[in-house]
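Working through the structure, step by step
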Amino acid sequence: MNLRLFNTPHRQIEQFTSQEPGKVKLYTCGPTVYDYLHVGNWAAYVYWDTLVRVLKADGYEVERVMNITDVGHLVSDGDEGEDKLEKGAKREGKTAWDIAKFYGDDFIAGMQHLNLLTPEHVTKATDYIEQQLELIRRLKDKGYTYQIDDGIYFDTSKFPAYANFAGLDLDAQRAGARVAYNDEKRNPSDFALWKFTPADEKRDMEWETPLDLLNNNESQLENPQSKPPTTNHRPPIMGFPGWHLECSAMAMDILGDTLDIHTGGIDHIPVHHTNEIAQSEAVSGKTFSHYWLHNNHLKVDGTKISKSLGNGFTLDDLAQKGFSPLDYRMFVLQGHYMSEGNFTFDNLAAAQNRLAHWRNVAALRHQTHQGLESSDEMDPSPAAIGAIKEALNDNLNTPEALRIVDETFNYVQSHSIQKVNRHTLVELIEAIDELLGLDLLHTTPDISDDQKQLIIERERARDQKNWEKSDKLRDALAKDKIVVRDTQNGTVWEYQ
């Protein structure tokens, strides 16, 4: 298959070619684990799971890193405001470490519920502090850093290509700098690599700043915490990493200087990913990633997701309303990753109905014959599998892939089950599960022998026109959540 992907920096769909034949180095921006993820957050992980599934189906060996941001993500895109983990700790009366553990575990559980493939490396920022400090050290040695009162910053003016990725207007940023802007920064676009803990604060998560990263002239450091005591021994200057630094350090430590694909949300383009590129390429002198993929936002009822509006629905919220994680997965796949989505419970219900229909078609494999070789046997599976793969290789066109499945399943249902080849139907279902992750095989078990016997008895009653007995047998099956449907092609059972 020829995989084609929309490459953000080039603003066009391009043929994908990996650096090493048959292998892909992939980095996915993971969550900041300070709260439960909502439907807007989860959509990205469904899309990037689909990307991995397509790559594997195309024969690639995928090595993927996904970070868990458990420190350093400030509440603003800039370098001001509270760390989200510290904020979560104050909200719940716990430590930041407790918050990170709880919501990190909840994220991993959510991945399993959504049937997301586990990345080869799930990395926590707090486990890579030494690598982050070493990256700062290398940047300092190359002359890209400077120090001000609140931390160590990257000087974007020394990286001429800084604005290229996102098409930023740096002159406009300078002209529009507000009063609240940190006037110690040399440029509005400069970003923190390492933030110093303020003198009046004690953070749950903080580390000693290595002396070789600080200015040689200690008098230039104006942080009040660092004022010399009466002895000649200076107290350590505590600090924590910047959010952007973490991703570069983890990606480069595991995957090397250059990635094949880097994924994230469109909100990452102007700041987070732009900063990742600057610091990574400044250190290595190499392209950080050859392909960048970004998913669009998901709104709720046409409105941006906001805590103040109470529309940040979680997987638990969906479950309370009778929707499974796989219902939600189907909902996400109905939209293209580059299109702005709109979550409504009506749309989710439509996805739930679609998935229920697919499961009932998958259940036909329990009612068909095994590998008949009749010349009139209906077998659309090979062509359908090829068409689904082709749609997904066309920039992950999941809506088209789902349309093809609908069309194929409707074709299957329009024929007598006696003419459906069980073996190839199973192959089709397996391919759908492999590519779309909807777990059709495991969620569509066969019914019991006793229930099958009731269906046979009902058919006999109908042949004898004993409608009363037929209705009683139908009701008995309904109590077991089995629906019997009489069609022109015969009787089939479905899940209620």
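Provided above is the structure to which this section pertains.
Residues numbered from 1 in each chain as written. Predicted model: local features only at pLDDT ≥ 70, side-chain atom pairs only at ≥ 80, totals over all residues. Heavy atoms only, no water.

1. Side note on empty space enclosed by the protein
Test applied: Buriedness for pockets is judged along seven lines, at least five of which must meet protein on both sides within 12 Å for an open set on the 1 Å grid over protein atoms alone, while cavities are sets there where a 1.4 Å probe fits but cannot get out, and lining residues have an atom within 4 Å of a point. Grid points are joined across faces, edges and corners, and a volume is the space filled by probe spheres set on the points. Secondary structure elements are taken from DSSP: a helix is a run of H or I of four residues or more, a strand is a run of E of two residues or more, and numbering for both begins at the N terminus.
One pass over the structure, following the stated rule, counts 3 cavities of 30 Å³ or more. Empty space within the largest cavity amounts to approximately 90 Å³. Put simply, the parts of the chain that give the lining of the largest cavity at least two residues each are β8 (191–196), β10 (238–241) and α6 (243–255).

2. Observations regarding unusual backbone geometry
Heads up, the condition is: Exposure is judged per residue with a 1.4 Å probe applied to protein chains only, and the accessible area is read against the type maximum: over 50% gives exposed, under 20% gives buried, and values in between give partly exposed.
You will see that Asp301, though not glycine, has its phi angle at about 55°, which is positive. For Asp301, the position within the fold is in the loop between β13 (298–300) and α8 (315–320). Exposure remark for Asp301: the relative accessible area of 55% places this residue in the exposed category. Residues other than glycine seldom take positive phi values, yet Lys481 does so here, at roughly 60°. Mapped onto the fold, Lys481 is located in the loop between α15 (467–479) and β15 (482–487). Here Lys481 falls in the exposed class, since its relative accessible area comes to 55%.

3. Side note on the sheet that holds strand β4 (residues 61–68)
In any sheet, the strands associate via hydrogen bonds between backbone groups, in a parallel or an antiparallel arrangement. This is how the line gets drawn: Only strands that DSSP links by at least two bridges are regarded as paired with each other. Each axis is a line fitted through C-alpha atoms, taken for helices only over the stretch in contact, and angles between the N-to-C directions span 0 to 180 degrees.
In space, the 5 strands of this open sheet follow the order β5-β4-β3-β11-β12, with parallel pairing throughout. The open sheet has two free edges, formed respectively by β5 (121–124) and β12 (289–295), since each of these has just one partner strand. Neighbour to neighbour, the strand axes of the sheet diverge by 20° on average, direction disregarded. In terms of strand pairing, strand β3 (residues 23–28) meets strand β11 (residues 259–265) through 3 bridges, oriented parallel. When the bridges of β11 are listed, Thr28 appears paired with Thr263.

4. With respect to the pattern of salt bridges
Heads up, the condition is: Every case where a carboxyl oxygen of Asp or Glu lies within 4 Å of a side-chain nitrogen of Lys or Arg is listed as a salt bridge.
In the structure shown here, the tally under the stated rule is 30 salt bridges. The salt bridge involving Asp155 is made with Arg186; its shortest N-O contact spans 3.1 Å. With Asp155 in the loop between β7 (151–154) and α5 (170–175) and Arg186 in the loop between α5 and β8, the pair connects residues that are 31 residues apart, well separated along the chain. Between Arg354 and Asp406 there is a salt bridge, and its shortest N-O distance comes to 2.4 Å. Of this pair, Arg354 sits in helix α10 (residues 345–362) while Asp406 is found in helix α12 (residues 398–413), placing the two residues 52 residues apart along the sequence. There is no split in this pair, since Arg354 and Asp406 are both buried. Because the salt bridges share partners, they merge into one network encompassing Asp35, Arg91, Glu92, Lys94 and Lys307.

5. Description of the side chain of Arg359
Keep this limit in mind: When charges are counted, neither His nor the chain ends are considered; positive counts come from Lys and Arg and negative counts from Asp and Glu. We call two residues in contact whenever any of their non-hydrogen atoms come within 4.5 Å of each other.
Structurally, Arg359 can be placed in helix α10. Despite its burial, Arg359 pairs with no opposite charge, the nearest such side chain being Asp327 at 4.7 Å. Ignoring any residue separated from it by four or fewer positions in sequence, one finds Arg359 in contact with Leu326, Leu440, Thr443, Thr444 and Tyr495.

6. Considerations on helix α2 (residues 84–92)
Spelled out, the test is: Between N or O atoms, a polar contact is any pair within 3.5 Å; within protein, one atom must be a potential hydrogen donor and the other a potential acceptor, and residues adjacent in sequence are included only when both atoms are from side chains.
Of all the positions in α2, only Lys84, Leu85, Glu86, Gly88 and Ala89 are classed as buried. Where α2 is buried, its residues meet α3 (96–113). Looking at where α2 begins, the residue whose side-chain oxygen comes 2.8 Å from the main-chain nitrogen of Leu85 is Asp83. Gly93 lies just past α2 and shows a positive phi near 70°.

7. Quick word on the packing of α6 against helix α7 (residues 269–284)
Operational definition: For this classification, under 35 degrees means roughly parallel, over 145 means roughly antiparallel, 65 to 115 means roughly perpendicular, and everything else is oblique. Two helices crossing with the near one rotated counterclockwise from the far one by less than a right angle form a left-handed crossing, whereas a clockwise rotation gives a right-handed crossing. Each residue receives one of three labels: charged for Asp, Glu, Lys and Arg, nonpolar for Ala, Val, Leu, Ile, Met, Phe, Trp, Tyr, Cys and Pro, and polar for the others, Gly being one of them.
The N-to-C vectors of α6 and α7 enclose an angle of 50°; their axes lie 9 Å apart at closest approach. Compared by their axis directions, α6 and α7 come out oblique. Along this stretch, α6 crosses α7, giving a crossing that reads as right-handed. The residues of α7 that touch α6, namely those facing Trp243, His244, Leu245, Cys247, Ser248 and Met252, are Val271, His272, Asn275, Glu276, Gln279, Ser280 and Ser284. Looking at the contact of α6 with α7 residue by residue, the classes come out as 5 nonpolar, 7 polar and 1 charged.

8. Here we look at a negative patch on the surface
Basically, it comes down to this: For patch detection, residues must exceed 30% relative accessible area and be free of salt bridges, and they are connected within 9 Å for like charges or within 5 Å for nonpolar side chains (Val, Leu, Ile, Met, Phe, Trp, Tyr). The accessible surface values rely on the Shrake-Rupley method and a 1.4 Å probe; as for residues, cover is taken only from the protein chains in view. Lys charges are placed at NZ, Arg charges at CZ, Asp charges at CG and Glu charges at CD.
Taken together, the side chains of Asp379, Glu427, Glu430 and Glu434 make up a negatively charged region of the molecular surface. Within the secondary structure layout, Glu430 lies in helix α13 (residues 422–436). The partly exposed category is assigned to Glu430, whose relative accessible area is 41%.

9. A few points about the side chain of Ser416
By the secondary structure assignment, Ser416 is in the loop between α12 and α13. The exposure class assigned to Ser416 is buried, which follows from its relative accessible area of 15%. Within the structure, Ser416 has its side chain in polar contact with the side chain of Gln418 (distance 2.5 Å).

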